[in-house]
Number of protein chains: 2
Amino acid sequence: MKIVEGTITLKLPEGSKEVLLKNLYLSCDPYMRLIMTKGSASDLGAFTPSSPLTGYGVSKVLESGHSDYKKDDLVWGFTKWEEYSLVSSTQILFKIEHTDVPLSYYTGILGMPGVTAYVGFFEIGSPKKGENVFISAASGAVGQLVGQFAKLTGCYVVGSAGSKEKVDLLKNKFGFDDAFNYKEEPDLDAALKRYFPEGIDIYFENVGGKTLDAVLLNMRVHGRIPVCGMISQYNLTQLDGITNLANIIFKRVRMEGFLANDFYHLYPKFLEFLLPHIREGKVVYVEDIVEGLENGPTALVGLFSGRNVGKQVLVVARE
Amino acid sequence: MKIVEGTITLKLPEGSKEVLLKNLYLSCDPYMRLIMTKGSASDLGAFTPSSPLTGYGVSKVLESGHSDYKKDDLVWGFTKWEEYSLVSSTQILFKIEHTDVPLSYYTGILGMPGVTAYVGFFEIGSPKKGENVFISAASGAVGQLVGQFAKLTGCYVVGSAGSKEKVDLLKNKFGFDDAFNYKEEPDLDAALKRYFPEGIDIYFENVGGKTLDAVLLNMRVHGRIPVCGMISQYNLTQLDGITNLANIIFKRVRMEGFLANDFYHLYPKFLEFLLPHIREGKVVYVEDIVEGLENGPTALVGLFSGRNVGKQVLVVARE
Ligand SMILES: NC(=O)c1ccc[n+]([C@@H]2O[C@H](COP(=O)([O-])OP(=O)(O)OC[C@H]3O[C@@H](n4cnc5c(N)ncnc54)[C@H](OP(=O)(O)O)[C@@H]3O)[C@@H](O)[C@H]2O)c1
Ligand SMILES: NC(=O)c1ccc[n+]([C@@H]2O[C@H](COP(=O)([O-])OP(=O)(O)OC[C@H]3O[C@@H](n4cnc5c(N)ncnc54)[C@H](OP(=O)(O)O)[C@@H]3O)[C@@H](O)[C@H]2O)c1
């Protein structure tokens, strides 16, 4: 990644049907690393070498050649990692209607990671009250929400994360029943047996690798594993081998991969569910705000060492 | 495994509620190896050391202390690897009502493996006409049926098996669209890309290991993997590592383990579906019949080198 200066005319070309955006908040998302590896995960999109990165963001409309949008509309969707962007109207996903919550939330709790947590837990996880839920990368953009959704559902919830600070957040801010620092557990299987003596009903999978392999030894009969991500593998050239998969037979476990994009039709229902909880303080959200486009690369790379505490947001401009 | 001689009084003990069986056909099933490994797959049951093996079989009732059964009833369910067995009535799963088909079928096509193929393909696989189906261990007790069910559904069906003879069976007897000998494919990924240039919608998983890892590179969006078994792993102490699991995210694949036992309530529906097809010759079944209890251990062990061609049945007595 390189930071490059350029100029853009802040005026739509004559007859253009595109939309001119001022980018406010950009979202740092793990999948962006994945699609930097040629040939991998092409379903998630691709970057064009020597063009700006593309990604989720919150933007303000400066000028619109498309009748769905007008000047000063706030929108979230796909934009580019630059101050101003000319995008096709199809790249915009939603107009932002509710501004009594922080605008940056539309990169996180009210944006793609929020939808991910919502559909992954409720639609793919099929949770029931009283079930045992384990979440990895639990303090992150997606994980912190899954844990709170699980608590709202009446589940017993344990999360793993990579630092004491994050473990404290899980227990004290997000209301998890328990949490542990996976980096300090030499034997993940033993750790899981300690927190889940009766096994795990739902494992919300964010990291893959050794964590998944240990979880497979601890699933309960008819357990579910919504497979959201496997961040521990995205930077590897030699992938970890999962050896305990046969357990999904004896335990009749369903593992199911999903992408938030397939579920945007549920966005209105999602907002209806979540906005009241946010307004009443029943669901909280921690963001890690980094200022300035020039700090984008470091913020993005930081996801893979756990530098971020909560949702990694990059501020380009505040309005 | 040891062959041991003993005596049994062919008379129910006074007041017993048990059932005295004459065993006719015994079923050699891969899971029997699994439960010989201590601590593994205890959900599947366990053997008692120095007692006869237990397993699926077809038997004739000699005497019954339970009102559900009477002398000369034919039954299938759990019995013991011996000539005569005293069993609890709860070990008997079903009374055999249809005897116009070979009795041995109740160890295979009309027994547990049949139910496995039926629920694994139709209930877990959710097949649709025109979809691409791949089956491993395709000529075996379960696989040969899955392939025929998939053809009945209007799918494109390819199977893998471990010898030329089995590949010929798949293509010429069971009506698979194509088949290959996995032992002659140095690059399974390349083989799958040859047979499925557009990818696989349903992979019926019988073997695990390298085959599964190659399949994961070739699944289509929203594909399903009913995970029936992973026979390539049952004899290993060092299990193969699966490295390509992250593909189930980008491709939104559902992998689901299941056990036939959970679905015996569907047995009447299953018979209603399958019996007419058998009678009309629209579904065929190949059995590998071994005579004599003393040949049981070799037959059972043979499953793990692919010695069996079709369903491995052990004949104890023909009536
Ligand atoms: N399926 C979808 O549609 C979808 C959508 C969004 C996100 N995702 C996936 O969801 C997961 C979480 O994404 P997010 O946006 O919420 O990110 P995040 O959790 O906010 O940030 C990534 C976190 O992953 C953890 N991590 C990094 N390397 C790790 C490793 N080697 N082992 C274990 N943990 C590691 C770090 O936390 P620690 O300090 O705790 O290690 C880091 O803070 C990712 O796998 C992502 O790809 C999927
Ligand atoms: N979930 C359930 O309820 C359930 C019920 C029944 C069976 N199963 C499972 O379904 C699978 C098939 O069972 P089945 O009864 O139909 O057995 P089968 O296919 O009739 O016999 C086993 C076959 O597996 C193949 N095999 C053995 N070792 C292998 C290896 N290392 N790699 C690849 N293939 C190997 C051999 O065929 P080749 O010559 O083709 O290699 C052998 O003939 C097994 O995994 C079994 O555990 C599950």
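Up top is the structure.
Everything numeric in this text was worked out from a predicted model, so none of it was measured.

Caption draft 1: How the structure looks around the site of ligand 2. Residues and elements named next belong to chain B. Around ligand 2 sit 26 residues in total, of which Lys-166, Tyr-182, Asn-206, Tyr-234 and Asn-308 are the nearest. Within the backbone of Val-142, one N or O atom sits 2.8 Å away from an oxygen atom of ligand 2. The backbone of Asn-206 places a nitrogen or oxygen atom 2.8 Å from an oxygen atom of ligand 2. Considering ligand 2 on its own, with 910 Å² of exposed area, one finds that the protein chains cover 91% of that surface. For the shell around ligand 2, the residue count by class is 17 nonpolar, eight polar and one charged. A domain-level breakdown of the shell around ligand 2 finds at least three residues from each of domain 1 (2-108 + 285-315) and domain 2 (112-261).

Caption draft 2: Highlighting the pairing of strand β4 (residues 84-87) of chain B. All names here are of chain B. In β4, alternate side chains face the same way, and those of Ser-85 and Val-87 are buried while those of Tyr-84 and Leu-86 on the opposite face are not. Bridge analysis of strand β1 (residues 19-27) against β4 gives four bridges, and the strand direction is antiparallel. Bridge assignment links Leu-21 to a residue of β4, and that residue is Ser-85.

Caption draft 3: Representation of the nonpolar core in the model. Formed by 212 residues in total, the largest nonpolar core has its most connected members in Leu-110 and Leu-245 of chain A together with Leu-110 and Leu-245 of chain B. Leave out the neighbours within four places in its chain, and Leu-110 of chain B touches Trp-76, Val-101, Tyr-105, Tyr-267, Phe-270, Leu-271, Leu-274, Leu-275 and Ile-278 of chain B.

Caption draft 4: Structural context of the side chain of Thr-79 of chain A. All names here are of chain A. By the element assignment, Thr-79 lies in strand β3 (residues 74-80). A distance of 3.4 Å separates polar atoms of two side chains, one belonging to Thr-79 and the other to Ser-85. In this structure Thr-79 touches Leu-21, Asn-23, Leu-26, Leu-53, Thr-54, Gly-55, Gly-57, Ser-59, Ser-85 and Val-87, once residues within four positions along its chain are discounted.

Caption draft 5: Geometry of the sheet that holds strand β11 (residues 254-257) of chain B. Here 12 strands make up an open sheet; going across it, the order is β8(A)-β7(A)-β6(A)-β9(A)-β10(A)-β11(A)-β11(B)-β10(B)-β9(B)-β6(B)-β7(B)-β8(B) and the pairing mixed. Bordering the open sheet on either side are β8 (178-181) of chain A together with β8 (178-181) of chain B, each of which pairs with just one other strand. Taking the axes of each pair of neighbouring strands and ignoring which way they run, one obtains an average angle of 15 degrees across the sheet. One ladder, built from four bridges, connects strand β10 (residues 219-227) of chain B with β11 of chain B; its direction is parallel. Residue Pro-226 of chain B lies in a different strand from β11 of chain B, and its bridge partner there is Glu-256 of chain B. Relative to the sheet, helix α2 (residues 112-124) of chain A contacts β6 (132-135), β9 (200-204), β10 (219-227) and β11 (254-257) of chain A, its axis offset from that of β9 of chain A by approximately 155 degrees. Running at roughly 175 degrees to β8 of chain A, helix α4 (residues 164-173) of chain A makes contact with β7 (156-161) and β8 of chain A of the sheet.

Caption draft 6: Region of the structure containing the environment of Ile-242 of chain A. With respect to the element layout, Ile-242 of chain A can be found in the loop between β10 and α7 (247-250). For the pair formed by Ile-242 of chain A and Lys-311 of chain A, sequence separation is 69 residues and the distance between their alpha carbons is 28 Å. Those residues in contact with Ile-242 of chain A that lie beyond four places of it in its chain are Gly-209, Leu-212, Asp-213 and Leu-216 of chain A together with Asp-240, Gly-241, Ile-242 and Leu-245 of chain B.

Caption draft 7: Summary view of the relation of the copies chain B and chain A. By a simple turn and slide, chain B fits onto chain A: the slide is 0.0 Å along the axis, the RMSD is 0.0 Å, and the turn is 180 degrees. Each copy turns onto its partner about a two-fold axis. It is Gly-241 of chain B whose C-alpha, among those of chain B, lies nearest the rotation axis, at 1.8 Å. A share of 100% of the interface residues of chain B reappears at the interface of chain A, consistent with the copies meeting face to face through the same patch.

Conventions used here
- Residues numbered from 1 in each chain as written.
- Chains lettered and ligands numbered in written order.
- Predicted model: local features only at pLDDT ≥ 70, side-chain atom pairs only at ≥ 80, totals over all residues.
- Heavy atoms only, no water.
- Near = heavy atom within 4 Å.
- Polar contact = N/O pair within 3.5 Å; in protein donor to acceptor, adjacent residues only side chain to side chain.
- Areas by Shrake-Rupley, 256 points an atom, 1.4 Å probe, with all protein chains shown as cover.
- Nonpolar A, V, L, I, M, F, W, Y, C, P; charged D, E, K, R; others polar.
- Domains from an automatic or database assignment.
- Buried < 20%, exposed > 50% of the residue type's maximum accessible area, 1.4 Å probe, protein only.
- Helix = DSSP H or I, 4+ residues; strand = E, 2+ residues; numbered from the N terminus.
- Pairing = 2+ DSSP bridges.
- Core = buried A, V, L, I, M, F, W, Y, C linked by side-chain atoms within 4.5 Å.
- Contact = heavy atoms within 4.5 Å.
- Axes fitted to C-alpha atoms, helices over the stretch in contact; angles between N-to-C directions.
- Least-squares fit on C-alpha atoms with pLDDT ≥ 70 in both.

Keep in mind that these numbers describe shape and distance, not what the molecule does.
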